[in-house]
Amino acid sequence: GDSVTQTEGPVTVSESESLIINCTYSATSIAYPNLFWYVRYPGEGLQLLLKVITAGQKGSSRGFEATYNKETTSFHLQKASVQESDSAVYYCALDLPGTGSNRLTFGKGTKFSLIP
Amino acid sequence: AQTIHQWPVAEIKAVGSPLSLGCTIKGKSSPNLYWYWQATGGTLQQLFYSITVGQVESVVQLNLSASRPKDDQFILSTEKLLLSHSGFYLCAWSLQANYAEQFFGPGTRLTVL
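Residues numbered from 1 in each chain as written. Chains lettered and ligands numbered in written order. Predicted model: local features only at pLDDT ≥ 70, side-chain atom pairs only at ≥ 80, totals over all residues. Heavy atoms only, no water.

### Things to note about the overall build of chain B
Okay, so step 1: If you tally the helices and strands in chain B, you get 0 helices and 11 strands.
Okay, so step 2: Each helix and strand of chain B, ordered N terminal to C terminal, gives the series β-β-β-β-β-β-β-β-β-β-β.
Okay, so step 3: Over its C-alpha atoms chain B spans a radius of gyration of 13 Å, differing by no more than 12% from the 13 Å that the globule rule assigns to 113 residues.
Okay, so step 4: Looking at chain B as a whole, 46% of its 113 residues are labelled buried. (Helix = DSSP H or I, 4+ residues; strand = E, 2+ residues; numbered from the N terminus. Rg over C-alpha atoms; globule rule 2.2 N^0.38 Å. Buried < 20%, exposed > 50% of the residue type's maximum accessible area, 1.4 Å probe, protein only.)

Given below as structure tokens:
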């Protein structure tokens with residue numbers, strides 16, 4: 001079946017340092033799934049951070065970027081300089097266009113926080 | 001603006017007891033609706049989806065059922081809870097389109113003892 005594997009957390013870095021959360025996917029029924037990063041900030045609901053539906057394209061939001069790489073089946077999330085407000089749980093996800101269910105397949109989530 | 005409300009916020013139930021979780025979406029007509037579940041330490045997975053009133057499709061079999069009695073309401077239920085039903089339940093909605101962003105509710109934490 002389809003699956004998403006992401007960096008196992010928790011991940012901690014110092015303020016202003018760079019962050020990368022790895023995500024690789026396996027989509028057995030379709031070559032080019034849609035790819036997403038969702039985020040859950042403390043005390044808030046799960047929300048979309050960015051999405052890319054075309055292989056080779058890059059998505060960006062709130063200083064984060066992720067590039068859809070079909071050769072390596074990856075969609076790593078990066079930010080050049082993190083701050084306290086980025087502390088959250090990040091989820092990589094995919095869905096299969098045209099299946100009708102808009103069924104998101106999620107990774108397990110990666111908790112990120114700043115080194116105090 | 002659209003809002004999504006889930007109830008209850010948290011629930012502690014006994015094995016074998018019934019369960020009903022609810023979700024209401026305001027400010028959007030004819031949305032797609034979804035139920036997701038995440039066991040502790042597990043992966044968030046879709047359980048059900050609905051594209052219209054009275055029509056619900058099951059994605060994963062967990063001895064749960066879902067219904068959509070109104071355009072803006074989605075109910076998850078079972079007559080007999082199992083220990084394995086414990087976890088975090090999320091309701092979500094989206095527009096009826098491919099690649100549509102899904103908007104999630106705050107969730108319900110269920111503990112089955």
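After that view of the structure, there is still more to cover.
### Here we look at unusual backbone geometry
Okay, so step 1: Note that the residue after Gly 9 of chain A, namely Pro 10 of chain A, is joined by a cis bond; omega there is 0°.
Okay, so step 2: With respect to the element layout, Pro 10 of chain A can be found in the loop between β1 (3-6) and β2 (11-13).
Okay, so step 3: Residue Trp 7 of chain B is joined to Pro 8 of chain B through a cis peptide bond whose omega torsion reads -10°.
Okay, so step 4: Examined against the element boundaries, Pro 8 of chain B turns out to sit in the loop between β1 (3-7) and β2 (10-13).
Okay, so step 5: At Ser 16 of chain A, a position not held by glycine, the phi torsion is positive, near 75°.
Okay, so step 6: Mapped onto the elements of the fold, Ser 16 of chain A is located in the loop between β2 and β3 (19-21).
Okay, so step 7: Non-glycine residue Ser 30 of chain B carries a positive phi angle of around 50°.

### Topic: the interface of chain B and chain A
Okay, so step 1: Taken together, the 24 residues of chain B in the interface contact 19 residues of chain A.
Okay, so step 2: Between chain B and chain A, the buried area comes to about 1,800 Å², and carbon and sulfur atoms account for 51% of it.
Okay, so step 3: Where chain B packs against chain A, one counts 0 salt bridges.
Okay, so step 4: Inspection of the region where chain B meets chain A yields 2 residue pairs in polar contact (both at pLDDT 80 or more).
Okay, so step 5: Of the residues forming the side of chain B that touches chain A, the biggest block, 4 residues, is contributed by strand β4 (residues 32-38) of chain B.
Okay, so step 6: Along the lines of polarity and charge, the residues of the side of chain B that touches chain A split into 13 nonpolar, 10 polar and 1 charged. (Contact = heavy atoms within 4.5 Å. Buried area = accessible area lost by both parts, 1.4 Å probe. Salt bridge = Lys/Arg side-chain N within 4 Å of Asp/Glu carboxyl O. Polar contact = N/O pair within 3.5 Å; in protein donor to acceptor, adjacent residues only side chain to side chain. Nonpolar A, V, L, I, M, F, W, Y, C, P; charged D, E, K, R; others polar.)

### Some remarks on the pattern of salt bridges
Residue and element names in this part refer to chain A.
Okay, so step 1: Applying the stated criterion across every chain yields a total of 5 salt bridges over all chains.
Okay, so step 2: For Glu 71, the salt bridge is made with Lys 70, and the minimal N-O distance between the two is 3.0 Å.
Okay, so step 3: One salt bridge in this structure joins Lys 79 and Asp 86, with 2.8 Å as the shortest N-O distance.
Okay, so step 4: On the basis of relative accessible area, Lys 79 is assigned to the buried category, the value being 8%.
Okay, so step 5: Its relative accessible area of 4% is what places Asp 86 among the buried residues.

Geometric values such as these leave the question of function open.
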